Amino acid sequence: MITIEKLHKKFGSLEVLKGIDLQIKSGGVFAILGPNGSGKTTLIKSMLGMVIPNSGDIWIQGENIKKQWRYRHQVSYLPQIAHFPKNLKVAELLKMIKNLKNKPCDETSLVATFNLAPFLNKNLGDLSGGTKQKVNAVLTFMVDNPIIIMDEPTSGLDPVSVLELKKIILAERAKGKTIIISSHILSFIEEISDEIVFLLDGNIYFKGSVSKLKENTNKSNFEEAIASILTTSYA
Ligand code: ADP
Ligand code: MG
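- Where an unreviewed UniProt entry is consulted, the protein appears under the name ABC transporter-like protein, with the organism given as Zhouia amylolytica AD3.

So, in structure tokens, the structure goes:
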């Protein structure tokens, strides 16, 4: 269980999170949605201790994460933008990360799933955005952690890889893991999410299942239901 209480974050005079209250149940897929700049990454990074909030609290599995770091060993994280060392080869990066983790890592099947074998001896700086994203996914799933947080894992991925990613996420979900994800591909979110939260202007505008959102907005289509939150709140 993740509990967020009265979370405020400002960057200078820009108020990005305006008192977020949120509970994320253990087990299942929880999606964070919202337009560009709505604070999704800021919220995700707050849970990881990579953004320090101005006020408010976050508890992960019962522990207040303020000034804590051990809980991070339970969390796998896929960053929105992965800054890989350009001159390192894919195989070298995988080996380096495996050596850093004090846990068993299994990347072999993931490398096969994402067809990364031909790229293992290439420099990370020479890879396309989509291929880098596949490496990002391998790094995320190769360690067995109960919490998986992914910030826009679908960005740059081809449709076949999005499908593979979906299968992996559903398999992890079946193991009882807690998966937190942001993505702009709404059909993907609709298929995998147990619950969604919609951020806008630093506040939560909706929290619940996709079917509840459709019911509330009286729209049978997920895209239209999302659009309806936006138009209603701006009205
Ligand atoms: P999202 O992930 O929903 O697109 P972000 O959380 O990345 O949104 O950003 C929310 C707002 O905060 C944006 O206006 C962004 O420019 C700003 N922002 C994010 N990080 C920083 C930072 N480190 N310094 C200044 N402004 C930031
Ligand atoms: Mg973001």
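Still to come is the rest of the account.
## A short note on the coordination of the magnesium ion (ligand 2)
- Each protein donor to the magnesium ion (ligand 2) is listed here as Thr41 (OG1) and Gln80 (OE1); together their distances run 2.0 to 2.3 Å. Of this pair, Thr41 sits in helix H1 (residues 40-47) while Gln80 sits in the loop between strand E6 (75-78) and helix H2 (90-100), placing them 39 residues apart in sequence.
- With a relative accessible area of 22%, Thr41 lands in the partly exposed category.
- Residue classification places Gln80 among the partly exposed residues on the basis of a relative accessible area of 34%.

## Things to note about the pairing of strand E8 (residues 178-182)
- Burial runs high along E8: 5 of the 5 residues are buried.
- Burial of the side chains of E8 extends over both faces: Thr178, Ile180 and Ser182 are buried on one face and Ile179 and Ile181 on the other.
- Summarising the sheet, strand E7 (residues 147-151) and E8 pair through 5 bridges and their orientation is parallel. Bridge pairing in E8 links Ile147 to Thr178.
- Remark: the E7/helix H5 (residues 159-174)/E8 crossover connection has right-handed handedness.

Analysis parameters
Residues numbered from 1 in each chain as written. Chains lettered and ligands numbered in written order. Predicted model: local features only at pLDDT ≥ 70, side-chain atom pairs only at ≥ 80, totals over all residues. Heavy atoms only, no water. Donors = N, O, S within 2.8 Å, 3.2 Å for Na, K, Ca; no water. Helix = DSSP H or I, 4+ residues; strand = E, 2+ residues; numbered from the N terminus. Buried < 20%, exposed > 50% of the residue type's maximum accessible area, 1.4 Å probe, protein only. Pairing = 2+ DSSP bridges. Right-handed = clockwise from strand over helix to strand, strands pointing away.

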